[in-house]
Structure formats: structure tokens, C-alpha cells
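# Geometric and topological summary
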Amino acid sequence: MFLRRLNQTRKTVGFRLTFWYFAILFFSALALFGLTYFFLSSSLQKQDRDSIQAKIDDFSSLYQTFGIEVLINEFDMERKYQKKIPFFIRFAGTQDETRFLILPYQWIGFDMKALEAVAFEKNDGWTRLPLIDGRYELEVKSVYLTGGYILQVGKSTEDRERILERFRTIFAFIIIPLMIFGLIGGFFVAYKALRPIRNLIYTVRAIATGKMDARVPGYRTGDELDELVILFNEMLTKIETLIQGMRDTLDHVAHDLRTPIARMRMVAEMALEANQKPDGLKRALSDCMEESDRILTMLNTLMDISEAETGAMKLDLEEVRISGLIRDVADLYGYVAEDKGIRLEMVSVADLRVTADPVRIRQVLGNLLDNAIKYTPPGGAVHIEATRDGEKIVILVKDTGVGINCEELPRIWDRLYRGDQSRSQKGLGLGLSLVKAIVQAHKGQIEVLSEPNKGSIFRIVLPSHL
Ligand code: ADP
């Protein structure tokens, strides 16, 4: 159980981050110590050797200048004024027999034989010999003086070993808290760095259990993870809006289908129950056909909208003259407008061409004109015009109708949405959704400006070439 948990923990990013942070800190400290130790030890050794060499140089020049008596006198002086860590001095004759010796008391018992066997030519005359207590060594330089005499000056490594020992102790005292700090620091860094990821995991888990409104808390740090959190939240909001939109559409479709289907059922039921004459039955069948046509139109339009929105709508693109399209649609709706006592005006630059699917653009203009006439009371006017704006074609459909209030404005593009004022009019609430989807499929834009009781202006901008 414990082993399994440990194994799982080892696989976590948090553990790996902590481990690497700790390991890097530990090995950097170790490398730093190693280097410092090496330089300190070699500079201490050099210092010791320099002082031994200085003594040898002094003694040699005394011997060269004043002879052996003065040198022995100097040795005596050295013995008298010995320092805390004194020099070892041995002066031997041509047969390597000791003629003078200063053997500091710390080295009593030192095996003098070891010095006699020293090979001079090795290491420039430098030798290291173990002292009795085994902790320190005696570092000796041996030289020949003229006349075959042997001069040996040495020093114990005790002094520098103590310094190095103190250095090691200090390092041990530093490295232990440093490692504890490294572990805690590593854990803290990993914990902090992974906080957005943990939040992301909690949020995804919450969403999986059905909490669609769950969001990842952001810390506004401005780093990559913060950006990921912001994008993730934006994506969630978009998905939620889409799901909500789909739910609403489904609700509306179900609601809007219920009425015609219920009506069809009622008509059929009545036709079956009563002892109807053929005329009555015919009427019932034609009512049913009308209702099913309405349902079919609704379903076809819904399919068209989603095809246009997803890019699956097949557009038969060709270069068309806008003025021709406007005239076709205006001809079609001219009678309706005339019947309602509405003035229909159109203005278009003569040779305005656009690459588009003429059937679909006619559908767009037809829907907009239909709405404009539908929502304009008798005596009003509807105006349609097309102009060029650089590389773009602008089509305006204006009316002097009931207008749309601000609360309704953003919703008029939704599928199956019908304004409060439009209930008395015929319609499915799908016209503008289809218009927008077709315009966008042509890489254009559509917007509306409207003032209640004054009228509305629908503005389409299409690129002249796709
Ligand atoms: P509908 O079948 O209801 O006309 P649309 O999708 O064409 O459906 O329009 C959605 C809603 O936008 C309408 O119900 C109406 O409230 C509003 N609307 C559209 N065009 C106009 C207009 N020219 N004047 C006023 N209101 C409009």
C-alpha cells in the first residue's frame, strides 16, 4: 500500500520538480565546496612550501658566505626562538650521519631512519612522511650543500590540516540546513508552479460531474500558465454558450413543432370521428398538408442555417449584378407592398458586380424586404439601395416601421426568436438567422440600426470578390 503510494507520488510532476530542484542545489553546493577546498588546500600547501624554501635559501646562503660554524650558530638561534609550529631542521654529513637536529617536541618518536632513505632527485627534493600520531605529516625539502653536506628543512602539515578541518566542519554545518532549505524550497516552488494545473484538474473534474459553470481561478501573474487558464475559461464560456444555444434551439424547435403537429392531429381526429363528407375530408387533408409544409419549411430552414454556419452550405458562386438581384426581389415584393399601401423605393449603381450565389443573395434580400414590409404600417416606406465602398459592396434595407427596442436587438439573430410586436405577424423566427448565416458564408457582415416607432436599417457589407 505504502509502496504503491510512493510509486504514484514518484510519477507526479510535483515530485520530479522538487527532486530536480533539490538535486541541482545539492550538487552545485558540493561542486562549489570541492573547488574552494581544492584551491584553499593548494594555496596553504604553497604557503608552507614557500616558508620552507625561504629557510633553505637563508641557510644555504649563510653556509656559502660564512661557512659551517655560522650555520650551526644559526641553527642554535632557531632552536632558542622556536615558534608554536616550529620547523624541523636536520643537517647531515657526507655519509648522511646527523650532525645537527631540531626535532620539535610534537614529533618525538619520529623515525629518523625514514629521512635517511629519502631520494633527493624525486619531486625536486620534496618528501612527505607520516608522523607518529598518524593524523598529520611531515613535509620535508632536502638539498645538498657544497662539500656533500645534506640540509633538510620540514614543517608539519598540522597547521593547514586544522584550517581545512575547520572548513569541512563549517561546510557540513552549512550543507545540512541548505539541503533542508532545498527540499522545502523545491516543494514550495513545485507547489506554486503547479497551482494553476491543479486548479485546471479540479475544474475539469467538476465539469465532468455536471457543474458546467465551474471556472479555473486565475492569479493574474501574466505567465504562460495564466494565459492557459484565461484561454481555458474563455473556451468553457464559449462551449457553455453554445450548449445553452443548442438547448434553447431544441426547446424552441420542440415548442414550435408541437403546435402544428397538435393541430394536424386534431384535424385528422375530427375528420375520422365525424361522419365527414368527401369535401370535408379533402379540407382536412389540405389543412394537414399546410401544417406539414410549415413544419418542413421550418426544418429545411434550420438545416440551411446550420449548413451555412458550419461552412457545409454549397454556394454556386458567380459574378452577379446587384442591381439585377434587387430588381428581381423588388418585383416580387412590389405587389405585397402596394397591397399594404407601402412605398417601395430602390437605388443601385448601374454596374455593381459581386461574386456570390445569386439564389442565396436573393433569399437574403427577400427576407429583409419581407420583414421590412411586414413590420411597417400602411403609409410607410421601404427603401433598398446598393453602393460601392472601395473593394466592398454595401446594401441597405431601410424601413419606417415599428423598429426594434434595445433589449431585443441582440436577440433578433437567434434561431426561432420572435419579437413581442411580431406575434400578430406570420413567421417562424428563422429569417434573420438564415440571413446572417448566408452573409457570413459569403465572408460578409450584417448589422442593424433601429429606433422603436421610427424604423430600422439593415446594413450588409459584402466583399466584391471571394
Ligand atoms: P420573423 O419570422 O419573426 O420575422 P425574423 O428572424 O425574420 O423572424 O426576425 C426576428 C425578429 O426581428 C422579428 O420577430 C421582429 O421582432 C424583428 N424584426 C426583424 N426585422 C424587423 C424590421 N424590419 N422591423 C422591426 N422588427 C424587425
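This text goes with the structure placed above it.
Anyway, here's the lowdown on the structure attached to this text. All values derive from a computational prediction rather than experimental measurement.

Read from one edge of the open sheet, five strands run β2-β1-β5-β4-β3, paired in antiparallel fashion. Each of the sheet's edge strands pairs with one partner strand only, and the pair in question is β2 (98-102) and β3 (126-130). Averaged over all pairs of adjacent strands, the angle between strand axes in this sheet comes to 20°, irrespective of strand direction. Relative to the sheet, helix α2 (residues 13-66) contacts β1 (88-92), β3, β4 (137-144) and β5 (150-156), its axis offset from that of β5 by approximately 150°. Sheet strands in contact with helix α3 (residues 68-80) are β1, β2 and β5, and its direction is about 25° off that of β2.

This part is about unusual backbone geometry. Look at Asp96: it is not a glycine, yet its phi comes out positive at around 65°. Assignment of secondary structure puts Asp96 in the loop between β1 and β2. Note on Asp96: relative accessible area 17%, which makes it buried.

Once that is clear, we can look at the pattern of salt bridges. Per the stated rule, a full pass over the model turns up 23 salt bridges. With a shortest N-O distance of 3.1 Å, Arg343 and Glu345 are connected by a salt bridge.

Between two packed helices, both the angle of their axes relative to each other and the distance between the axes serve to describe the pair. Look at helix α7 (residues 224-273) against helix α8 (residues 278-310): their axes get within 8 Å of each other, and the N-to-C directions meet at 170°. By the criterion of interaxial angle, the relationship of α7 to α8 is roughly antiparallel. Here α7 and α8 pass one another in a crossing that is left-handed. Facing α7, whose interface residues are Thr249, Val253, Asp256, Leu257, Pro260, Ile261, Arg263, Met264, Val267 and Ala271, α8 presents Leu281, Ala284, Asp287, Cys288, Glu291, Ser292, Ile295, Met298 and Leu302. Residue composition of the contact of α7 with α8, grouped by class: 13 nonpolar, two polar and four charged.

In this section: the sheet that holds strand β9 (residues 381-389). Taken together, five strands build an open sheet; the order of strands is β7-β9-β10-β12-β11 and the sheet is mixed. Two strands close off the open sheet at either side, each with one partner strand: β7 (343-348) and β11 (445-451). The sheet shows a mean angle of 10° between the axes of neighbouring strands, direction not considered. Of the pairings in the sheet, the one linking β9 to strand β10 (residues 392-399) comprises eight bridges and is antiparallel in character. The residue bridging Ile384 from the neighbouring strand is Val397, located in β10. On top of the sheet, helix α9 (residues 322-340) reaches β7, β9 and β10; it is set at about 175° to β7, its chief contact.

So, on to the pairing of β2. For a regular strand, side-chain orientation follows a simple rule: the groups alternate between the two sheet faces. The pairing of β1 with β2 spans four bridges and is antiparallel. Of the residues in β2, the one forming a bridge with Arg90 is Leu101.

This paragraph deals with the site of the ligand. Around the ligand, the structure places 21 residues, and the nearest of them are Asn371, Tyr375, Arg418, Gly419 and Leu432. A distance of 2.8 Å separates an oxygen atom of the ligand from a polar atom in the side chain of Asn371. Taking Ser422, its side chain carries an N or O atom lying 2.9 Å from an oxygen atom of the ligand. Residue assignment for the shell around the ligand shows that the elements contributing at least two residues are α10 (358-374), α11 (431-441) and β12 (455-463). No other element matches α10, which puts three residues into the shell around the ligand. In terms of residue class, the shell around the ligand is made up of ten nonpolar, eight polar and three charged.

Our focus in this paragraph is the side chain of His442. For His442, the position within the fold is in the loop between α11 and β11. The exposure class of His442 is buried, given its relative accessible area of 1%. Not counting residues up to four positions away in its chain, the partners in contact with His442 are Leu315, Leu317, Thr355, Ala356, Asp357, Arg360, Ile361, Leu462, Pro463 and Leu466.

So, on to a nonpolar patch on the surface. Judged by side-chain polarity, Phe15, Phe19, Trp20 and Ile24 come together as a nonpolar surface patch covering roughly 450 Å² of accessible area. Topologically, Phe15 is positioned in helix α2. The class of Phe15 is partly exposed, set by a relative accessible area of 35%.

So, on to helix α6 (residues 195-208). For α6, with 14 residues, the first-to-last C-alpha span of 20 Å sits near the 20 Å given by 1.5 Å per residue. Burial in α6 covers these residues: Pro196, Asn199, Leu200, Thr203, Ala206 and Ile207. Relative to the axis of α6, the buried residues are bounded by an arc of 125° and lie together on one face. Residues of α6 that are exposed and angled more than 90 degrees away from the buried face: Arg205 and Ala208. Each element contacted by the buried residues of α6 is listed here: α5 (158-193) and α7.

One pass over the structure, following the stated rule, counts 15 aromatic pairs. With 6.2 Å between their ring centres and 10° between their planes, Phe22 and Phe26 make a pair best called stacked. Of this pair, Phe22 and Phe26 both sit in helix α2, four residues apart, which is roughly one turn of the helix. When its relative accessible area of 26% is taken as the criterion, Phe26 is described as partly exposed. Through a chain of ring-to-ring contacts, three or more aromatic side chains come together here, namely Phe59, Tyr63, Phe75, Phe91, Phe100 and Tyr149. Positioned above the aromatic ring of Trp126 is the side chain of Arg49, whose terminal nitrogen or guanidinium carbon lies 4.5 Å from the ring centre.

This next bit is on the side chain of Thr355. Mapped onto the elements of the fold, Thr355 is located in strand β8 (residues 353-356). For Thr355, a relative accessible area of 18% translates into the label buried. In this view, Thr355 contacts Leu317, Glu318, Glu319, His442, Ser464, His465 and Leu466; residues no more than four positions away in its chain are not counted.

Calculation criteria
Residues numbered from 1 in each chain as written. Predicted model: local features only at pLDDT ≥ 70, side-chain atom pairs only at ≥ 80, totals over all residues. Heavy atoms only, no water. Pairing = 2+ DSSP bridges. Helix = DSSP H or I, 4+ residues; strand = E, 2+ residues; numbered from the N terminus. Axes fitted to C-alpha atoms, helices over the stretch in contact; angles between N-to-C directions. Contact = heavy atoms within 4.5 Å. Buried < 20%, exposed > 50% of the residue type's maximum accessible area, 1.4 Å probe, protein only. Salt bridge = Lys/Arg side-chain N within 4 Å of Asp/Glu carboxyl O. Parallel < 35°, antiparallel > 145°, perpendicular 65-115°, else oblique. Left-handed = near helix turned anticlockwise from the far one by under 90°. Nonpolar A, V, L, I, M, F, W, Y, C, P; charged D, E, K, R; others polar. Near = heavy atom within 4 Å. Polar contact = N/O pair within 3.5 Å; in protein donor to acceptor, adjacent residues only side chain to side chain. Patch = residues over 30% accessible without salt bridge, like charges linked within 9 Å, V, L, I, M, F, W, Y side chains within 5 Å. Areas by Shrake-Rupley, 256 points an atom, 1.4 Å probe, with all protein chains shown as cover. Expected span 1.5 Å × (residues − 1). Arc of directions from axis to C-beta. Phe/Tyr/Trp six-rings, centres within 6.5 Å; stacked < 30°, edge-to-face > 60°. Lys NZ or Arg CZ within 6 Å of the ring centre and 35° of its normal.

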